[in-house]
Amino acid sequence: MTATFLMGCVLVTGTAAASPVKPAAVPATSLPDAAAPAANPHPAYQRIARKIAPLSPITPATPITPATRLPSILAPHEGKDTADAYAIRSDFGKSNLHKWSSVHGMDTSWDDNEVTDTVHLQSSTIAFLDTLNADARAAGVSFVITGGAERGYHAHGMYSHENGYKIDISDDGVYAGTTAYRVLLEALAPYKYHLSHEWNNNHFDITIYPADYTGSYAGASHGIEDDDE
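Rules behind the numbers
Residues numbered from 1 in each chain as written. Predicted model: local features only at pLDDT ≥ 70, side-chain atom pairs only at ≥ 80, totals over all residues. Heavy atoms only, no water. Core = buried A, V, L, I, M, F, W, Y, C linked by side-chain atoms within 4.5 Å. Buried < 20%, exposed > 50% of the residue type's maximum accessible area, 1.4 Å probe, protein only. Helix = DSSP H or I, 4+ residues; strand = E, 2+ residues; numbered from the N terminus. Contact = heavy atoms within 4.5 Å. Polar contact = N/O pair within 3.5 Å; in protein donor to acceptor, adjacent residues only side chain to side chain. Phe/Tyr/Trp six-rings, centres within 6.5 Å; stacked < 30°, edge-to-face > 60°. Lys NZ or Arg CZ within 6 Å of the ring centre and 35° of its normal. pLDDT = per-residue confidence, 0-100.

Draft legend 1. Inspection of the nonpolar core at higher detail. Residues Phe-128, Leu-132, Phe-143, Leu-184 and Ile-206 are the most contacted members of the largest nonpolar core, which totals 31 residues. Broken down by secondary-structure element, the contributors of at least two residues to this core are α4 (123–139), β4 (143–147), β5 (166–170), α5 (179–188), β6 (193–198) and β7 (203–208). No other element matches α5, which puts 7 residues into this core. If near-sequence neighbours (up to four positions away) are discounted, Phe-128 is found in contact with Ile-167, Leu-184, Ala-187, Leu-188, Tyr-191, Ile-206 and Ile-208.

Below you can see the structure in the form of structure tokens.
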């Protein structure tokens, strides 16, 4: 007992004081690891935690509800009301929009619509993308389209992908507090739309309803459920 005590302490002016002793190893599971997914029980979060971790220290760890009544970050748009927003376009600007497909990856040619189809979209969806591109160019940001009017990849329905009413936008770098996120919400504002954040699929699922649509629509709804129809 005496020998053990002397190895663990030193005597200073008659008073025993603890000597520097190497602390016991802490189990690895108790140490924070920035690269490891946070301890969130929902499987959708577990799948994307590694993806969003490097983006920013303020990247949300759970689905977020967009703030409202925020001042515009863009110059005023002339005639940016519903009627003008829905004005027929035959195409949309692509200076600040990119296209991704599972076959060709980033910057898939706009002429290649075998997987990510951007040529069979409804005029209302084309109008939104044109607005989004203009707003993105003005704000100095860009967006990636990951899903369009392709058939066979999505659920069916009247206002579905295959009918040209839905578009998928990558959520990479697009989250609350970023310019890109604000631009997305502002571009959507004049339209009748539904925005759902599909965390498990790493994109925003956006439905643009036609100008004469009289049904209900939810606007921005950031859940973790699938809304891919």
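Draft legend 2. Broad picture of the side chain of Asp-205. Within the secondary structure, Asp-205 is located in strand β7. Its relative accessible area of 0% is what places Asp-205 among the buried residues. For Asp-205, the side chain forms a polar contact with the side chain of Lys-166, separated by 2.5 Å.

Draft legend 3. A look at the side chain of Asn-113. Topologically, Asn-113 is positioned in the loop between β3 (97–99) and α4. Taking the relative accessible area as the measure of exposure, Asn-113 reaches 19% and is therefore buried. A polar atom in the side chain of Asn-113 sits 2.8 Å from the side chain of Lys-99.

Draft legend 4. Highlighting the environment of Gly-173. Within the secondary structure layout, Gly-173 lies in the loop between β5 and α5. Sequence separation of Gly-173 and Phe-143 is 30 residues, and the distance between their C-alpha atoms is 9.2 Å.

Draft legend 5. Main features of unusual backbone geometry. Even without a glycine there, the phi angle at Asp-107 is positive, about 55°. Phi at Asn-202 takes a positive value of approximately 60°, unusual for a residue other than glycine.

Draft legend 6. The arrangement of the packing of aromatic side chains in detail. Taken as a whole and assessed by the stated rule, the structure comprises 10 aromatic pairs. On the basis of an interplanar angle of 50° and a centroid distance of 6.4 Å, the ring pair of Tyr-213 and Tyr-217 is categorised as tilted. Each residue in the set Tyr-159, Tyr-165, Tyr-209, Tyr-213 and Tyr-217 is aromatic and connected to the rest through ring pairs, giving one cluster. When the ring centre of Phe-92 is taken as origin, the NZ or CZ atom of Lys-94, which lies over that ring, is 4.2 Å away. When the ring centre of Trp-110 is taken as reference, the NZ or CZ atom of Lys-94 above it lies at 5.3 Å.

Draft legend 7. Summary view of the confidence of the model for the protein. When the pLDDT values of the protein are averaged, the result is 74; 59% of them are 70 or greater. The model gives residues 1–38 a pLDDT under 50, and that stretch makes 21 contacts with residues more than four places away or in other chains. In this model, residues 223–229 is a region of pLDDT below 50 whose contacts with residues beyond four sequence positions or in other chains number 30 contacts.

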